[in-house]
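Coordinate inspection notes
Given next are the chains, with one letter for each unit.
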Amino acid sequence: MQFLKTTAKHTELSTQAVLGTITEAVAGQLPAVDSMKKTVQRIRQKELMAPARQRRSPKFPIKLWNCYGLIKNDIPRTNNAIEGWHNSFKSILNAVHPSIWKFIDALKKEEKLNRVRIQQFIAGNDPKPKKKENTKIQDQE
């Protein structure tokens, strides 16, 4: 509205005259209402006539990747514990491509370590509590 008043002041025309001039100029640039209605009707007809797109079946069935049953049965959703064991076993091996004999020795060490942990647990010693990431960060500061 301020634009109209400023334009009217500079051209010594009324605000209504300026508004009418702008409307006429813009009206020539816009498509006619009838052609817009026809376009909308054509698009709607195409949408109605087009066959419904079918989704393809998933690569893996939902039952396989759905985690609801795991949570319900208190089973972990990730394999982080396995990754932790793998890292510790890799440190016992101390080799990227060990021979079969080094691998067997590492399995024996792992078994002995687990037997000791089981005996400690039976004796009443609780396993070490896991530290959270936030605790580690606070210890560093």
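Details of the structure are given in the entry above.
Structural notes, computed from the coordinates. (Residues numbered from 1 in each chain as written. Predicted model: local features only at pLDDT ≥ 70, side-chain atom pairs only at ≥ 80, totals over all residues. Heavy atoms only, no water.)

To continue, consider the overall build of the protein. Secondary structure assignment for the protein yields 8 helices and 0 strands. Ordered by position from the N terminus, the helices and strands of the protein form the series α-α-α-α-α-α-α-α. Going through the 141 residues of the protein one by one, you find that 5% of them count as buried. As displayed, the protein has an accessible area near 14,200 Å², and 58% of this comes from carbon and sulfur atoms. (Helix = DSSP H or I, 4+ residues; strand = E, 2+ residues; numbered from the N terminus. Buried < 20%, exposed > 50% of the residue type's maximum accessible area, 1.4 Å probe, protein only. Areas by Shrake-Rupley, 256 points an atom, 1.4 Å probe, with all protein chains shown as cover.)

Let us look at a nonpolar patch on the surface. Together, Ile 100, Trp 101, Phe 103, Ile 104 and Leu 107 give the surface a local cluster of nonpolar side chains, amounting to about 500 Å² of exposed area. Tracing the chain through its elements places Trp 101 in helix α7 (residues 100–122). On the basis of relative accessible area, Trp 101 is assigned to the exposed category, the value being 63%. (Patch = residues over 30% accessible without salt bridge, like charges linked within 9 Å, V, L, I, M, F, W, Y side chains within 5 Å. Salt bridge = Lys/Arg side-chain N within 4 Å of Asp/Glu carboxyl O.)

Two numbers describe how helix α6 (residues 80–93) lies on α7: the axes approach to 9 Å, and their chain directions differ by 120 degrees. Compared by their axis directions, α6 and α7 come out oblique. Once α6 is placed against α7, the crossing between them reads as right-handed. Where α6 abuts α7, its residues Trp 85, Phe 89, Ile 92 and Leu 93 lie against Lys 102, Phe 103, Ala 106, Leu 107, Lys 109 and Glu 110. Classifying every residue of the contact of α6 with α7 by side-chain character gives 7 nonpolar, no polar and 3 charged. (Axes fitted to C-alpha atoms, helices over the stretch in contact; angles between N-to-C directions. Parallel < 35°, antiparallel > 145°, perpendicular 65-115°, else oblique. Left-handed = near helix turned anticlockwise from the far one by under 90°. Contact = heavy atoms within 4.5 Å. Nonpolar A, V, L, I, M, F, W, Y, C, P; charged D, E, K, R; others polar.)

Turning our eyes to something else, we now look at the pattern of salt bridges. Once the charged atoms of two side chains with opposite charge are near each other, the side chains can pair. As enumerated under the stated definition, the model contains 1 salt bridge in all. Here Glu 111 makes a salt bridge to Arg 115, at a shortest N to O gap of 2.9 Å. Note that Glu 111 and Arg 115 are positioned in helix α7 at a spacing of 4 residues, about one turn of the helix. Taking relative accessible area as the criterion, Arg 115 reaches 53% and is therefore assigned exposed.

These figures capture arrangement, not role.
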